[in-house]
Amino acid sequence: MPNAYFTIKRPENDPFKGYLPGSAERAELKEELAKQAGQVVRIPLIIGGKEVWTDETITVTMPHDHQHVIAECCMAGEKELKQAIDAALAAKDAWEAMPWEHRSAIFLKAADMITGPYRKVLNASTMLGQSKTVFQAEIDIAELADFLRFGVWGAQEIFKEQPSSVDGIWNRQDYRPLDGFICAISPFNFTSIGGNLPTAPAIVGNVALWKPSRTAVLSNYYYMKLLQWCGLPAGVINFVPCTGGDMSKHVISHPKMAGFHFTGSTAVFQSVWKQVGENIASYANYPRLVGETGGKDFIFAHNTADVEPLAAAIVRGSFEFQGQKCSACSRAFIPESIWPQVEDLLKKHTAGLKVGDVQEFDTFMAAVIDKASFETCKGYIDRAAASDECEFVAGGTYDDSKGWFVQPTIIRCKTPTYESMVKEIFGPIVSIYVYPDDKLDETLAVCDSASPYALTGAIFAQDREVIVKMERALRNASGNFYINDKCTGAIVGQQPFGGARASGTNDKAGTTLNMVRWVSAHTVKEAFCPSPAIAYPYMSEK
């Protein structure tokens with residue numbers, strides 16, 4: 001619990017740097033990019049605060065230049081994962097006993113380092129390892145600092161919630177970490193999410209095993225090293241790259257797994273949920289399962305929509321970071337009456353996008369993350385090309401000779417249930433259904449029901465009555481909803497992020513809604529003047 005006199009004001013979001021030509025931050029980052037591109041980093045496991053080297057390793061390459069190796073990473077097996085569990089549980093008591101303000105200081109210090117001298121390191125490793133442009137990396141790293149600051153503040157707000165007391169009785173509530181360890185499995189697409197999944201539970205006193213994505217392991221490793229430098233005690237977070245199968249067999253099945261923090265595919269999260277359910281009697285506690293998974297995010301336009309912002313939202317929302325955001329626009333519904341204008345703008349804007357190397361700062365879009373992603377995108381494009389239900393508005397080509405490049409692709413579909421309109425792709429492909437203006441209600445219903453996901457969505461309209469109608473119709477189709485804006489770009493503390501249905505548990509990362517999942521309330525009643533009486537007043541005959 002925090003000291004009664006120790007309070008943290010609500011954080012402000014870290015401002016983005018512009019990296020404009022001639023700026024100091026641009027020159028500094030380019031120097032760091034050249035440095036990191038010219039080395040191969042050997043990445044160990046970190047268990048109990050110590051580097052652990054294994055014989056099984058993977059190579060990490062740049063997605064936009066897949067022959068260029070930038071790291072070699074050790075992989076954990078059964079022995080190392082069991083060591084990590086033991087290390088986490090051994091660190092638990094001391095970490096929980098550490099005064100809250102001292103735990104918090106570690107993460108607040110890390111946030112200041114991220115927004116200060118360490119910014120270039122995380123930005124460069126994110127750009128090279130995850131093929132993010134300078135702007136996409138910048139907002140990612142700024143979000144990581146936001147997660148830390150809002151996490152500490154959110155914990156404080158939870159701790160401040162106390163029950164009422166009456167004369168002679170003091171009621172208080174202690175917020176304990178969960179009884180066991182947290183298993184955190186993070187995705188490739190956001191360094192900030194990778195950092196947040198083990199860190200958020202740790203802020204409130206939990207210990208964790210962290211399995212980073214093998215395609216984001218370089219930036220995640222640098223973050224882990226930063227936490228150690230900032231004073232994170234040994235064993236609180238254990239960095240264990242490994243296969244999903246080993247994590248499932250040796251960690252998720254462990255009786256002391258108290259929580260599971262996840263961002264990734266719906267199929268993986270559902271398989272974990274099933275595994276936990278089948279083995280529920282073997283756990284010491286009922287594990288907390290928190291997950292943000294897939295999406296089939298939409299932009300839905302009315303015929304009163306302002307066409308130019310609509311077209312810009314589709315292009316940015318669909319193609320920034322190659323559509324590899326959980327929130328990326330993957331389908332759009334456009335009325336017939338404005339489609340010719342929208343189509344012209346989409347063709348114009350898409351033709352002007354530069355696809356290439358992230359070290360060239362005029363690049364808008366880089367490569368998809370790996371060969372598997374490339375093949376998935378290729379499959380959707382090839383099937384659309386062969387289908388009489390589809391036509392390409394833009395793109396439809398790909399090239400893997402140097403990097404995993406898929407050109408920004410817009411598919412017009414004759415039906416709103418064609419596969420690319422309903423299935424998650426996670427690539428730079430957006431499908432558009434052009435609907436008759438007088439079929440608004442029916443098309444809203446299709447948008448709501450055709451996909452199992454409910455992560456993000458946006459509507460465009462100028463008519464306020466129509467906006468109200470559309471918002472009501474799509475109320476359950478997303479966890480983050482945008483009016484006259486693209487369906488991406490949620491900011492910690494401003495638009496708490498998370499979805500429902502097949503998109504996750506909607507616990508809103510970076511908020512008290514998420515942080516409260518990692519504590520177990522302990523209520524204490526203390527009687528200052530305990531009564532010696534046995535009989536109650538109603539028992540008297542007089």
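Residues numbered from 1 in each chain as written. Predicted model: local features only at pLDDT ≥ 70, side-chain atom pairs only at ≥ 80, totals over all residues. Heavy atoms only, no water.

**Let's talk about the overall build of the chain**
Next, step 1: The helix and strand tally for the chain stands at 16 helices and 23 strands.
Next, step 2: By the compact-globule yardstick of 24 Å for 542 residues, the chain fits well, its C-alpha radius of gyration being 25 Å.
Next, step 3: The C-alpha extent of the chain, read off along each of the three principal axes, is 85 × 70 × 50 Å.
Next, step 4: Classification of the 542 residues of the chain by burial places 57% in the buried group.
Next, step 5: Across the chain, contacts joining residues at least 24 apart in sequence account for 78% of those joining residues at least 6 apart.
Next, step 6: When the accessible area of the chain is evaluated, it comes to approximately 22,500 Å², of which 52% is carbon and sulfur surface. (Helix = DSSP H or I, 4+ residues; strand = E, 2+ residues; numbered from the N terminus. Rg over C-alpha atoms; globule rule 2.2 N^0.38 Å. Buried < 20%, exposed > 50% of the residue type's maximum accessible area, 1.4 Å probe, protein only. Contact = heavy atoms within 4.5 Å. Areas by Shrake-Rupley, 256 points an atom, 1.4 Å probe, with all protein chains shown as cover.)

**Things to note about the nonpolar core**
Next, step 1: In terms of nonpolar packing, the biggest core is built from 98 residues, with Ile 43, Phe 107, Ile 114, Leu 209, Ile 252 and Phe 260 touching the most fellow members.
Next, step 2: It is helix H5 (residues 134-160) that provides the largest number of residues to this core, a total of ten residues.
Next, step 3: Counting residues in hydrophobic clusters, the runner-up holds 34 residues, among them Ala 305, Leu 345, Ile 410 and Tyr 482. (Core = buried A, V, L, I, M, F, W, Y, C linked by side-chain atoms within 4.5 Å.)

**Some thoughts on the sheet that holds strand S21 (residues 480-483)**
Next, step 1: In space, the seven strands of this open sheet follow the order S14-S17-S18-S13-S12-S20-S21, with mixed pairing throughout. Edge strands, defined here as strands with exactly one partner in the open sheet, are strand S14 (390-394) and S21. Each strand axis lies, on average, 20° off the axis of its neighbour in the sheet, ignoring direction.
Next, step 2: Relative to strand S20 (residues 456-460), strand S12 (residues 297-301) runs parallel, the two being bridged by four bridges. Bridged to Phe 300 within S20 is Ile 459.
Next, step 3: The sheet strands contacting helix H11 (residues 339-351) are strand S13 (329-335), S14, strand S17 (409-413) and strand S18 (429-435), and the helix crosses S14 at an angle near 55°. (Pairing = 2+ DSSP bridges. Axes fitted to C-alpha atoms, helices over the stretch in contact; angles between N-to-C directions.)

**Overview of the sheet that holds strand S1 (residues 41-43)**
The strands making up a sheet are joined through hydrogen bonds of the backbone, oriented either antiparallel or parallel.
Next, step 1: Taking strand neighbours across the sheet as the criterion, the three strands line up as S1-S5-S4 in an open arrangement whose pairing is mixed. Edge positions in the sheet fall to S1 and strand S4 (57-62), since each has one partner strand and no second. When strand polarity is set aside, the average angle formed by the axes of neighbouring strands in this sheet is 40°.
Next, step 2: Taken together, the six bridges between S4 and strand S5 (residues 65-74) define a ladder with antiparallel strand orientation. Note that in S5 the partner of Val 60 across the bridge is Ala 71.
Next, step 3: Along the sheet face, helix H7 (residues 217-229) touches S1, S4 and S5 and points at about 70° away from the line of S1.

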